[in-house]
Amino acid sequence: MISVEEHLANILRQIEPLAPETVPVTRAHGLVTASDVTSTADLPRFDNSSMDGYAVRRADLEGASPENPVLLPVVGDIAAGDQATHELVPGAAWRIMTGAPVPAGADAVVRVEDTDGHPREAKFRVQPEPGANIRRAGEDIRAGEVVLPAGTRVAAPQLAALVSAGIEEVEVVAPVRVVVLSTGDELVRVGEPVGPGQIVDSNGPMLEALVREAGFFAVHVGHLPDDEDVTRKEVRHHLDHADAIITTGGVSKGAYDIVKAVLTGEGTMEFVEVAMQPGKPQGFGLLGKRRVPVFTLPGNPVSTLVSFEVFVRPALEKRAGRLVGDTTTTGLATTSWPSAAHRRTYTRVRVTRDSTGEYAVEPVGGHGSHMVAGLALADALAVSSEEATEVEAGSRVELMLLRPRREIDGRLAGEGA
């Protein structure tokens with residue numbers, strides 16, 4: 001057997017980010033910039049007011065104070081979006097709204113709170129500082145400057161910056177399109193009748209959801225029968241368009257392990273046993289002219305989930321050009337549970353809090369990798385080392401979260417209330 005680190009390193013060594021492509025900026029959400037993105041405009045695009053108030057010349061308000069207000073006539077209003085050209089003559093003021101263009105000749109904006117707010121002849125109780133409450137053109141970014149460096153994932157704030165900077169198209173690492181294939185004659189699709197000896201395919205929907213939750217695109221979810229010719233034809237068909245293929249089942253040592261039989265010797269495919277529980281039988285390789293990564297995972301649902309989190313998710317993130325770090329956390333075991341000797345063990349756990357407010361965890365569901373009921377309650381996978389044969393109550397364990405942390409914290413806050 002090889003270690004988890006060895007198998008993951010072998011996978012990541014072969015994975016390459018997809019080639020760049022140019023997409024409309026609104027389709028760049030969730031993708032990674034393949035080159036620096038530069039602004040096409042100054043931001044702000046024009047001098048504008050940061051307050052509702054009055055555009056003035058400072059010199060006209062010499063000595064203004066609450067005790068000695070200065071009275072100026074108001075020549076009109078300038079609203080946000082006003083496209084007319086305005087000029088401020090000495091001895092007057094313009095009433096101006098937040099975001100509206102500052103008229104030529106004005107060198108400050110007085111907040112409405114520092115006046116009596118009169119729309120035609122206002123009393124000013126302060127002399128503003130130079131440039132007070134004016135957002136100068138280009139003070140945020142200048143045309144030609146980098147808005148987003150290469151390698152940045154475009155989330156909602158980045159999208160707002162790109163659109164504001166006049167960006168219409170972005171060069172990004174192409175979106176990762178994933179094909180999911182469950183295998184086995186015993187499987188039936190959701191909604192179909194379940195006959196004797198058959199089970200509903202839960203791996204397909206689960207992997208599709210995992211792919212989507214991770215920010216990738218599940219473009220096909222299908223089923224392979226225990227037939228070598230059909231399996232070979234289906235896999236080869238998807239090599240023409242998929243950016244990754246995930247299969248489940250058929251990779252162990254049984255007489256009907258079709259995936260292993262079909263793919264052995266193809267491309268760079270290797271089938272190995274990894275020192276982990278669950279998920280020991282694993283396969284990975286690059287197939288076809290496009291060198292598509294193919295992950296062959298064990299078929300038991302818990303094994304599939306663990307394998308995705310440990311091996312597939314990091315590989316897809318590299319495929320998408322993402323730069324990510326370790327996202328694990330820790331918790332305290334509230335009870336003891338067994339750990340497989342000589343194998344890294346991933347135990348489904350439910351998160352609570354101890355008396356100090358730290359995460360505390362206990363196992364949910366049975367230990368078998370076929371047991372799916374515990375998945376519904378699991379918040380995380382508790383990871384124990386190859387040297388451990390038991391996780392002791394009170395010990396600190398590493399956690400791979402299966403839900404967003406804010407969702408876990410929200411549930412715990414609700415239960416506490």
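Conventions adopted
- Residues numbered from 1 in each chain as written.
- Predicted model: local features only at pLDDT ≥ 70, side-chain atom pairs only at ≥ 80, totals over all residues.
- Heavy atoms only, no water.
- Pairing = 2+ DSSP bridges.
- Helix = DSSP H or I, 4+ residues; strand = E, 2+ residues; numbered from the N terminus.
- Axes fitted to C-alpha atoms, helices over the stretch in contact; angles between N-to-C directions.
- Buried < 20%, exposed > 50% of the residue type's maximum accessible area, 1.4 Å probe, protein only.
- Contact = heavy atoms within 4.5 Å.
- Parallel < 35°, antiparallel > 145°, perpendicular 65-115°, else oblique.
- Left-handed = near helix turned anticlockwise from the far one by under 90°.
- Nonpolar A, V, L, I, M, F, W, Y, C, P; charged D, E, K, R; others polar.
- Domains from an automatic or database assignment.
- Buried area = accessible area lost by both parts, 1.4 Å probe.
- Salt bridge = Lys/Arg side-chain N within 4 Å of Asp/Glu carboxyl O.

Side note on the sheet that holds strand β4 (residues 53-56)
Right, on to step 1. The strand order across the open sheet formed by five strands is β7-β4-β6-β5-β8, and the pairing between neighbours is mixed. Every other strand in the sheet has two partners, leaving β7 (108-111) and β8 (121-124) as the edge strands with one partner each. Geometrically, the sheet is characterised by an average inter-axis angle of 40° between neighbouring strands, direction not taken into account.
Right, on to step 2. Across three bridges, β4 lies against strand β6 (residues 93-96) in antiparallel orientation. From the neighbouring strand, G53 faces β6, where its bridge partner is I96.

Some details on the pairing of strand β19 (residues 281-287)
Right, on to step 1. Across the seven residues that make up β19, a large majority, seven, are buried.
Right, on to step 2. The two faces of β19 match: P281, G283, G285 and L287 on one face and Q282, F284 and L286 on the other face are all buried.
Right, on to step 3. The pairing of strand β17 (residues 270-273) with β19 spans four bridges and is antiparallel. Across the sheet, the residue bridging to E270 is F284, located in β19.
Right, on to step 4. Pairing of β19 with strand β20 (residues 292-297), which is carried by five bridges, proceeds in the antiparallel orientation. Looking at β20, one finds that L287 is bridged to V292.
Right, on to step 5. Hairpin connection, β19 to β20: the antiparallel pair is bridged by four residues, and G288 has positive phi, about 80°.

Things to note about the sheet that holds β17
Right, on to step 1. Reading across the sheet, the six strands line up as β15-β12-β16-β20-β19-β17 and stay open at both edges, with mixed pairing between neighbours. Of all the strands in the sheet, the pair left with one neighbour each is β15 (217-224) and β17. In this sheet, adjacent strand axes meet at a mean angle of 15° when their direction is disregarded.
Right, on to step 2. Bridge count for strand β16 (residues 244-248) against β20 is four bridges, and the pairing is parallel. When the sheet's bridge partners are listed, I246 is paired in β20 with F295.
Right, on to step 3. Each of β17, β19 and β20 is contacted by helix α1 (residues 4-14), which is oriented at about 15° to β19, the strand it contacts most.

Digging into the packing of helix α3 (residues 203-213) against helix α6 (residues 301-319)
Right, on to step 1. The N-to-C vectors of α3 and α6 enclose an angle of 25°; their axes lie 10 Å apart at closest approach. Classified by the interaxial angle, the pair formed by α3 and α6 is roughly parallel. For α3 against α6, the interelement crossing comes out right-handed. Residue-level contacts link N203, M206, L207, L210 and V211 of α3 to P301, T304, L305, F308, E309 and R313 of α6.
Right, on to step 2. Each residue belonging to the contact of α3 with α6 can be placed in one class, and the counts come to seven nonpolar, two polar and two charged.

A word on the domain arrangement of the protein
Right, on to step 1. By the assigned domains, the protein splits into domain 1 (4-18 + 175-319), domain 2 (20-43 + 139-173), domain 3 (48-135) and domain 4 (329-414).
Right, on to step 2. For domain 1 and domain 4, the distance between their C-alpha centres works out to 26 Å.
Right, on to step 3. Residue-level contacts link 16 residues of domain 1 with 17 residues of domain 4.
Right, on to step 4. Summed over both sides, the interface of domain 1 with domain 4 buries roughly 1400 Å², with 64% coming from carbon and sulfur.
Right, on to step 5. Of all residues in domain 1, the largest losses of buried area upon contact with domain 4 belong to A275, Q277 and V302, amounting jointly to 38% of the total for that side.
Right, on to step 6. Counting across the domain 1 and domain 4 interface gives one salt bridge.
Right, on to step 7. Residue R344 is joined to E5 by a salt bridge in which the shortest nitrogen-to-oxygen separation is 2.6 Å.
Right, on to step 8. Ranked by residue count, the leading element in the side of domain 1 that touches domain 4 is α6, at seven residues.

Details of the pattern of salt bridges
Side chains carrying opposite charge are able to pair once their charged atoms draw close together.
Right, on to step 1. According to the stated counting rule, one finds 20 salt bridges in the structure shown.
Right, on to step 2. Ionic pairing is found between R232 and D229, a salt bridge with its closest N-O pair at 3.4 Å. Note that R232 and D229 are positioned in helix α4 (residues 228-238) at a spacing of three residues, about one turn of the helix.
Right, on to step 3. The class for R232 is partly exposed, based on a relative accessible area of 24%.
Right, on to step 4. Residue D229 is classed as exposed on the basis of its relative accessible area of 57%.
Right, on to step 5. Notably, a salt bridge pairs R290 with D243, separated by 3.3 Å at the nearest N-O pair. Here the residue R290 occupies a position in the loop between β19 and β20, and D243 occupies one in the loop between α4 and β16, the gap between them amounting to 47 residues.
Right, on to step 6. Residue class for R290 comes out partly exposed when judged on its relative accessible area of 36%.
Right, on to step 7. For D243, a relative accessible area of 2% corresponds to the buried category.
Right, on to step 8. Within the structure, one salt-bridge network assembled from shared partners comprises R350, D379, R403, E407, R411 and E415.

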